[in-house]
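Coordinate inspection notes
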Amino acid sequence: MRVLVAGATSTLGRATVDELGRRGHEVLALTRSEEAARELSGRGLTALVGDVLDASSIASVLDRTRPDAVVSLLIKLPRNGPRRYRDYRDSRALWDIGVPNLLAAAEASGVSRIVGESVLFAYGYLDHGEKHLTEDSPLAGGRTPAQREVLDSLRGMEERVRVAGGVVLRYGLFRGQAVPSEAYLAKVLKLRLPVLPGGGRSVLSFVALDDAARATAAALERGRPGATYNVCDDEPAEFGVYVRAVATRHGLPRPRSVPLRLAGLVMPYIAMILDGVRIPMANGAAHRDLGWRPTSTVT
Ligand SMILES: NC(=O)c1ccc[n+]([C@@H]2O[C@H](COP(=O)([O-])OP(=O)(O)OC[C@H]3O[C@@H](n4cnc5c(N)ncnc54)[C@H](OP(=O)(O)O)[C@@H]3O)[C@@H](O)[C@H]2O)c1
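Let me begin by describing the structure that accompanies this report. (Residues numbered from 1 in each chain as written. Predicted model: local features only at pLDDT ≥ 70, side-chain atom pairs only at ≥ 80, totals over all residues. Heavy atoms only, no water.)

Regarding helix α7 (residues 209-222)
Taking 1.5 Å per residue, 14 residues should reach 20 Å; α7 reaches 20 Å between its end C-alpha atoms and fits that length. For α7, the buried fraction is high: 10 of the 14 residues fall into the buried class. Buried within α7 we find Leu 209, Asp 211, Ala 212, Ala 213, Ala 215, Thr 216, Ala 217, Ala 218, Ala 219 and Leu 220. (Helix = DSSP H or I, 4+ residues; strand = E, 2+ residues; numbered from the N terminus. Expected span 1.5 Å × (residues − 1). Buried < 20%, exposed > 50% of the residue type's maximum accessible area, 1.4 Å probe, protein only.)

Digging into the site of the ligand
What surrounds the ligand is a group of 26 residues, the closest being Thr 9, Thr 11, Thr 31, Asp 51 and Arg 79. In the environment of the ligand, an oxygen atom lies 2.5 Å from a nitrogen or oxygen atom belonging to the side chain of Thr 11. Taking Lys 76, its side chain carries an N or O atom lying 3.2 Å from an oxygen atom of the ligand. Calculation on the ligand without its partners gives an accessible area of 910 Å², and the protein chains cover 90% of this total. Elements with a minimum of two residues in the shell around the ligand: β5 (113-119), β7 (173-175) and α6 (180-190). Residue composition of the shell around the ligand, grouped by class: 13 nonpolar, 8 polar and 5 charged. (Near = heavy atom within 4 Å. Polar contact = N/O pair within 3.5 Å; in protein donor to acceptor, adjacent residues only side chain to side chain. Areas by Shrake-Rupley, 256 points an atom, 1.4 Å probe, with all protein chains shown as cover. Nonpolar A, V, L, I, M, F, W, Y, C, P; charged D, E, K, R; others polar.)

Description of the packing of aromatic side chains
Within this structure, the stated rule accounts for 9 aromatic pairs. Ring plane angle 25° and centroid distance 5.2 Å describe the contact between Phe 121 and Tyr 125, whose orientation is recorded as stacked. With respect to class, Phe 121 is no different from Tyr 125; both count as buried. Their ring planes at 55° and their centres at 5.8 Å tell us that Phe 239 and Tyr 242 sit as a pair that is tilted. Taken together, the residues span about one helical turn, with Phe 239 and Tyr 242 both in helix α8 (residues 239-249) at a distance of 3 residues. In textbook terms, an aromatic cluster arises when at least three aromatic residues are bridged by ring pairs, as seen for Tyr 85, Tyr 88, Trp 95, Phe 121, Tyr 125 and Tyr 269. Residue placement shows Arg 170 over the ring face of Tyr 123; its charged tip is 4.6 Å from the ring centre. (Phe/Tyr/Trp six-rings, centres within 6.5 Å; stacked < 30°, edge-to-face > 60°. Lys NZ or Arg CZ within 6 Å of the ring centre and 35° of its normal.)

Focus on the side chain of Arg 175
Among the structural elements, Arg 175 can be located in strand β7. Arg 175 has contacts with Glu 182, Phe 206, Val 207, Ala 208, Leu 209, Asp 233, Tyr 242, Ser 296, Thr 297 and Val 298, leaving out every residue within four places of it along the chain. (Contact = heavy atoms within 4.5 Å.)

Below is the structure:
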């Protein structure tokens, strides 16, 4: 397939572009920047310059290039990961305006396959219990106005992708050495700083970056139009278990805890997630429909 990847320069985008190439797809890599376009061309990719926040810019890219498929990996966060709700401002603009522009351009140019990136937090930031969440599990409401803003934008984007006949992928937290937030975590661990708010007891779903890229390609090839798939490891893990695994890989001592109240002063978003949240996703639908399985675990 001739596949336009929006977000081709993101962490997941880079891994996905490589995976699509390995599977024999022709990749059209979208970026806003001429410099990134040169770098993508240098890697042998067809680079396109366009901005999804500008409806006419993205419509003209699609009209000119006529891809068969569009992969939307449009989440924009600080490199080291979000710390505050306002770190979602750019992502919310992409979900509210950018993705709708991209979908409209895709429809106008006759695109037949669409995949859109979402994330485990679509289920809502709370303790969902022990039972693994399937794609039919109810979504929890936001507990604060800031949470509601993020969730409304994220879920609104998901719904637009499904209505357009696309496939929504709810990824777990990306893990692996190529993930900038993990590289940052390793750097902080090396400084022996306390990095575990409240001991890191929240239970979250993770996915290795390469596994996430394989799932994205599989969803493009085999995903059911209008479906949602969780893309995560077979088992969720406590955040603290993940952090200790990163420390062990780098030969570092056991990470130290920091009180949630203190962490909340500098990174309120992270402190909220690590305060009794439990989002254990099930990956059975992705296994069944996409033939996809994760190849590694947090530990
Ligand atoms: N599930 C997860 O755990 C998850 C998901 C997402 C991100 N993260 C984390 O967040 C951190 C940052 O993410 P990241 O490295 O992926 O980088 P990023 O800078 O957040 O990536 C944003 C992507 O969106 C594209 N983009 C932004 N605005 C656009 C627009 N108006 N039009 C077209 N394209 C646009 C960017 O393209 P150009 O800049 O080239 O134009 C870039 O490819 C990392 O630590 C990552 O692991 C985690």
